[in-house]
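Listed below, chain by chain, are the residues.
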Amino acid sequence: MSRNKICLCGLLACAALAFTSAGCRKRGEHTVHQHRIDDSKRVILGPGPQLAKMRVVPSIGNCAPRADNLVTFGACCNATPCSGQCVATAEGKVECACFDVKGGCPTGLVCSKIRRGCVTPKEAQLP
Amino acid sequence: MRVGLWESLAVFSCVVLSACATQGIQVTGEQNDPTFPAPQSETIINVSNFNGASLVTASYNDETGTAKTVLYTNTTRTVLAGASLMAWSNSTNSGQTWAYGGKVTPSEAWPVIWGDPAMTSSFRNQTYVFLSNLAVPASKMPAGGIQCDTSNLGCFYGVLGGACIARSTDGGQHFSLYQCVTNNNDFYDGGSMVDAGDGEIFAAYVDVATSQIDVWRAPDENSQFQRIAGPFPNLEIYTHARLRADRGTSSIYAAAQSSNGVIWINRWSGGHWGNAVPASQASPIYPLIALSDRSLRTGPQFSFDFGATSQNGNDAIRMLYTTNYQADRLYIRGSYCKGDLSGGCWDAPEWGTTPGNLDLTGDQLQPNVRAFAGFFGLPAVWKATYLSREHAPNGNTVSLEQGNLVVLPDGVRVLLPFDQILNLLVCPDERGYWGDYNDLQLVGFSQNGAAQFLSVYTDSSQGCPLREEFTSQDVHVSSTEEQ
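Presented here is a report on the structure given in the accompanying data block. (Residues numbered from 1 in each chain as written. Chains lettered and ligands numbered in written order. Predicted model: local features only at pLDDT ≥ 70, side-chain atom pairs only at ≥ 80, totals over all residues. Heavy atoms only, no water.)

Re the overall build of chain B
Item 1. The number of helices and strands found in chain B is 2 helices and 38 strands.
Item 2. Since a compact globule built from 483 residues should have a radius of gyration of about 23 Å, the 21 Å found for chain B is in line with a globular shape.
Item 3. Based on the C-alpha atoms only, the size of chain B along its principal axes is roughly 70 × 50 × 45 Å.
Item 4. Within chain B, buried positions represent 67% of all 483 residues.
Item 5. For chain B, the separation between the mean place of its 25 positive charges and that of its 44 negative charges on side chains is 4 Å. (Helix = DSSP H or I, 4+ residues; strand = E, 2+ residues; numbered from the N terminus. Rg over C-alpha atoms; globule rule 2.2 N^0.38 Å. Buried < 20%, exposed > 50% of the residue type's maximum accessible area, 1.4 Å probe, protein only. Lys, Arg positive; Asp, Glu negative; His and termini not counted. Charge placed at Lys NZ, Arg CZ, Asp CG, Glu CD.)

Below, the structure written as structure tokens:
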């Protein structure tokens, strides 16, 4: 028997077994060929969205809220506690910001590096 | 050979045929095992050929024997010098039974060894097995211990200052501290290890202070690790790295997720890194999963391997990752790259869960990929596993699913998964911690020549009677064979 015939027989045996098998959950309603993507038309993955860059300046003073400044940020900007970082504006002023959140995070939230925003302390954890 | 409709249907049906769930085998937590009273979670696995037999080693975060060094109340945790989570179990029968191996003791210079296990063996001399954990240097250890409470969940971020690597010289049966690595006591997180096939051993961690992946290399099994150049110098990296190897060319690959959510991959070959390329759509970093009445935090949401290419010739690297790209839920999506990473990497939604070939609901997450390259007529296999909420999209359970990343003879890519373990009760502590990652490895071959893989995973099938801020029970480790 040729290799192709053996292969086909094996596959058909599998198919027969599958259709008579009981107690095993059926998965997927589509045939695989409905989802064919030709490799020649496939998307090459790109670098993703550009993130806004902030000009972070040093915290000055002792008013910063508790933060490790590794995973969450806290700073003292203009002698005011900042749940975020001190950043320089285009006009040269220093403001508090947690990434896009001007003024930093409200009470109860922390400025998370990985979330790039204000979240609960639990949401800011690293694994 | 062209494949017709009936043959494709037969292939499809064979996969459907396999859709029967199984039961896991306890690695830890058996009633008479030393691990029974304490939690274990977050697993990694290694297979060594030692004295002519296969020896499987699983490692995990283990609190066995820490009653005097890790102290809990409902809302606090205090960790004292001498605490170690670095432990292992062995199996001599490909995961059918397990025995607790022991625990690595910290040193004076590094008084706390604190989890995030990574492990590899030297391919050319598999008596050598390396096991890594994060660690606290004496210089950062607070005099009264590391105090954690609900107002200070990140109590470890300021004290972790590197990682300690233990070595076994008997295939993984015993480990002792070999070397601790640090970059000026920066906070290291995660951990991944791989051997390049020629005796070189690599370890990688994310340096949270610099947002870079630090890679350490030992030129052979008996040399010290030295830090080498990082794979992503021009990127801001936020996640753990994962390392894999092409042992045929003694090359390794590193992948990690950057601040904008894209996973990047780079190749170390001939003593230097190439150019990093994007390998995913932008995706959530460490997504939190809201279950019915609890939340589950997650670790790195990508996995890849190097293996045999399909007839298309462009997919020696195959990756799965968790994403919500063009969707309102988390699902698994695929990608692939050439072995030399030339031309970048390509999107492969067909290797995903939704969109892809499946109609699923609920989140899918935590993928693992392992390749068997094939030899002596045995076909190459690309095995994949992931957790799914498809059976209980709004519940507190997940299932472990498994399948193969297949390329059919006519070039169609497909993932047809089936249930491996159903109704895994998720039992995180109040922070959401329930082990941040699982692992998958090739462990051998069945009598009919089929590649056998083994998954290890965090398991709370004994119930979840206790959930406090920093601990939960019952949390142990189980394994299951994937064929």
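Details of the environment of B:Thr105
Item 1. Examined against the element boundaries, B:Thr105 turns out to sit in the loop between β7 (99-103) and β8 (112-113).
Item 2. Residues B:Thr105 and B:Ala166, spaced 61 residues apart in sequence, show a C-alpha to C-alpha distance of 9.8 Å.

Thoughts on the sheet that holds strand β25 (residues 302-306) of chain B
Residue and element names in this part refer to chain B.
Item 1. Taken in spatial order, the 4 strands of this open sheet run β25-β26-β27-β28, and their pairing is antiparallel. Two strands close off the open sheet at either side, each with one partner strand: β25 and β28 (345-348). Sheet twist, expressed as the mean angle between neighbouring strand axes with direction ignored, is 20 degrees.
Item 2. As judged from the 5 bridges shared by β25 and strand β26 (residues 317-323), these two strands associate in the antiparallel manner. Note on β26: the bridge partner recorded for Phe 306 is Ile 317. (Pairing = 2+ DSSP bridges. Axes fitted to C-alpha atoms, helices over the stretch in contact; angles between N-to-C directions.)

Looking at the pattern of salt bridges
Side chains bearing opposite charge may pair, as long as their charged atoms lie close to each other.
Item 1. With the rule as written, the count across this model stands at 19 salt bridges over all chains.
Item 2. Look at the salt bridges and you will find they share partners, linking A:Asp39, A:Arg42, B:Asp315, B:Arg318, B:Glu350 and B:Arg413 into a network. (Salt bridge = Lys/Arg side-chain N within 4 Å of Asp/Glu carboxyl O.)

Focus: the sheet that holds strand β4 (residues 85-88) of chain A
Residue and element names in this part refer to chain A.
Item 1. Pairing is antiparallel in the open sheet, where 3 strands are placed in the order β4-β5-β6. Edge positions in the sheet fall to β4 and β6 (101-102), since each has one partner strand and no second.
Item 2. Sheet topology note: the β4/strand β5 (residues 94-98) ladder contains 4 bridges and is antiparallel. Its bridge partner lying in β5, Gln 85 is registered against Ala 97.

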